[in-house]
Amino acid sequence: VSTPRRRAHSTATSVREYARGAAGGLLFSLPLLYTMEMWWAGFLASPRRLLGAIAGTFVLLLGYNRYAGMHHDTSWTEIAIDSVEELGVGLIGAACILWLLGRIEPGMPMSEILGRVVVQGLAGAIGVSIGTAQLGGDDGFRDRPPAKADAARRPQSIWSHLALAACGAVVVAGNVAPTDEIAILGAELSGWQLAGLSAASLVMAAVVLHFSEFRGSVPHGESGWLGVVQSAVTTYAVAVVTSLVLLWFFGRFAGAAAGIVASETIVLSFAASLGASAGRLLLQS
Amino acid sequence: MNMPRKNALEWTVFAVSAAVIAAILATLAYHEVARPDSPPDLRVDVLATREAAAGVAVTLRVENRGGTTAATVAIEAVFSAAGTTERGQVVIPYVPAGSSRTGEVLFSRKPGPDQLRVRVTGYELP
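Residues numbered from 1 in each chain as written. Chains lettered and ligands numbered in written order. Predicted model: local features only at pLDDT ≥ 70, side-chain atom pairs only at ≥ 80, totals over all residues. Heavy atoms only, no water.

**Q** I'd like a rundown of the overall build of chain A, residues and numbers included.
**A** For chain A, the count of helices and strands is eleven helices and zero strands. When the 285 residues of chain A are sorted by exposure, 53% land in the buried category. Taking as baseline every contact in chain A between residues at least 6 positions apart, the subset at least 24 positions apart corresponds to 82%. Of the roughly 12600 Å² that chain A leaves accessible, carbon and sulfur atoms contribute 70%. (Helix = DSSP H or I, 4+ residues; strand = E, 2+ residues; numbered from the N terminus. Buried < 20%, exposed > 50% of the residue type's maximum accessible area, 1.4 Å probe, protein only. Contact = heavy atoms within 4.5 Å. Areas by Shrake-Rupley, 256 points an atom, 1.4 Å probe, with all protein chains shown as cover.)

**Q** Tell me what's going on with the sheet that holds strand E5 (residues 100-107) of chain B, and back it up with residues and numbers.
**A** Each strand in a sheet pairs with its neighbour through backbone hydrogen bonds, running either in the same direction (parallel) or in the opposite one (antiparallel). Residue and element names in this part refer to chain B. Pairing in this open sheet of three strands is antiparallel, and the strands run E1-E2-E5 from one edge to the other. Sheet topology places strand E1 (42-52) and E5 at the edges, where each strand pairs with a single neighbour. The mean angle between the axes of side-by-side strands here comes to 25°, regardless of whether they run parallel or antiparallel. Two elements, strand E2 (residues 55-64) and E5, share eight bridges in a ladder whose sense is antiparallel. Counted as the bridge partner of Val 56 is Phe 107 from E5. (Pairing = 2+ DSSP bridges. Axes fitted to C-alpha atoms, helices over the stretch in contact; angles between N-to-C directions.)

**Q** Please provide a residue-by-residue account of the packing of aromatic side chains, values included.
**A** A full pass over the atoms with the stated rule returns five aromatic pairs over all chains. Measuring from centroid to centroid gives 5.1 Å for A:Phe249 and A:Phe250, while their planes differ by 75°, and the two rings are edge-to-face. Assigned by exposure class, A:Phe249 and A:Phe250 land together as buried. Pairing B:Phe79 with B:Phe107 gives two aromatic rings, centres 5.5 Å apart and planes at 70°, and the pair type is edge-to-face. Placement of the pair is B:Phe79 in strand E3 (residues 70-81) and B:Phe107 in strand E5, with a sequence separation of 28 residues. Since its relative accessible area comes to 2%, B:Phe79 is described here as buried. A connected cluster of aromatic rings, assembled from ring pairs, spans A:Trp40, A:Phe43 and B:Tyr94. (Phe/Tyr/Trp six-rings, centres within 6.5 Å; stacked < 30°, edge-to-face > 60°.)

**Q** Tell me what's going on with the interface of chain B and chain A, and back it up with residues and numbers.
**A** Each side of the interface is counted separately: chain B has 34 residues, and chain A has 38 residues. For the pair chain B and chain A, the summed buried area comes to about 3200 Å², and 69% of that belongs to carbon and sulfur atoms. The partner of B:Lys6 in a salt bridge is A:Glu85, and the shortest N-O contact between them spans 3.2 Å. The interface formed by chain B and chain A contains nine residue pairs in polar contact (both at pLDDT 80 or more). Per-element accounting of the side of chain B that touches chain A gives the leading share, 17 residues, to helix H1 (residues 8-34) of chain B. Split by residue class, the side of chain B that touches chain A holds 19 nonpolar, eight polar and seven charged. (Buried area = accessible area lost by both parts, 1.4 Å probe. Salt bridge = Lys/Arg side-chain N within 4 Å of Asp/Glu carboxyl O. Polar contact = N/O pair within 3.5 Å; in protein donor to acceptor, adjacent residues only side chain to side chain. Nonpolar A, V, L, I, M, F, W, Y, C, P; charged D, E, K, R; others polar.)

**Q** Residues and numbers for the sheet that holds strand E6 (residues 116-124) of chain B, please.
**A** All names here are of chain B. Taken together, the three strands give an open sheet; going across it, the order is E4-E3-E6, and neighbouring strands pair in antiparallel fashion. Each of the sheet's edge strands pairs with one partner strand only, and the pair in question is strand E4 (84-95) and E6. On average, each strand axis in the sheet is inclined to that of its neighbour by 20°, with strand direction left out of account. Sheet analysis places E3 next to E6, joined by seven bridges and oriented antiparallel. Looking at the pairing, Ala 77 lines up with Val 118 of E6.

See the structure below:
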């Protein structure tokens, strides 16, 4: 069902929306712009991997724009256009900041500039998307039905749960995924510590989802402790998959033994689980 | 399919974004096809020599003409004249494919022509 905007925004309104997006992009990706491993990731990743990352981020943006808050009544065409804009703003913004920080310079070969801009731009695009939806007033949505009426008839599908959990996980875990600290923790933690960390991740997800009393935190409308357990397990599963994908992108698994792959994933999944539970509630509100 | 209503600014941002993304995708695809994952191919050149407080600084440039990044690139410079030998070394964290990096080695005296040999002694494959 597509209900397109009845009228176009005024230019002032869209300038405000882009400013919010840019602020969000900076807010969520600034730690990464200041992270050395992120600059290196740009030339360590092969073109193939960068292409995969662009595709993955675009799918994430589509999911976020489809399911976050007020966007759910929008047509897929509009969602795709919004996602392209967010990706573009993220990439151009990242190029500007990297230039200001002296991380890209005119003399560099194209492949190195491109790698750095893409890696940072993808992180920025997710921030732009969140910023547009979350920061500031509601003037961008004046022409849409009020959010409250929407919330009542919003279908709490498993897809909405998964998409927002994955976005939250990427936003929070993405800030630490490229750092060497993950490799150090993965190599040094004992089996007991790792078991404790996964238990803590699950408990944290359950506690956040239960005590937030958020209506949509249970995917299938299941209530009581069974619903909380189900929701926590789903959330942790999303966190693990997101961590695997992030670590693979940053080249952590090349030549690594299965045990190291597992322990690094568990270490990152703690952060990803926080994002998939608490972060998700923030993104959705 | 209903096209969303957008003002001129929004269409401009969309068009620029779409063009940037298309250009990036095309360039990455071209790099993927044109440059297979060949190993690093490094060469070192002496760029300049200058007097410094710590001795004579020789500026080196290492260039990677291969298809993949070399990490922890160790460069050795040997200066031999009149029976004496001085060694200088520098380690460069990353030399990405197609890129070059510079560093300096220091000697107590100014090396003459044919008295200085520079080479890459090893690197990591990240």
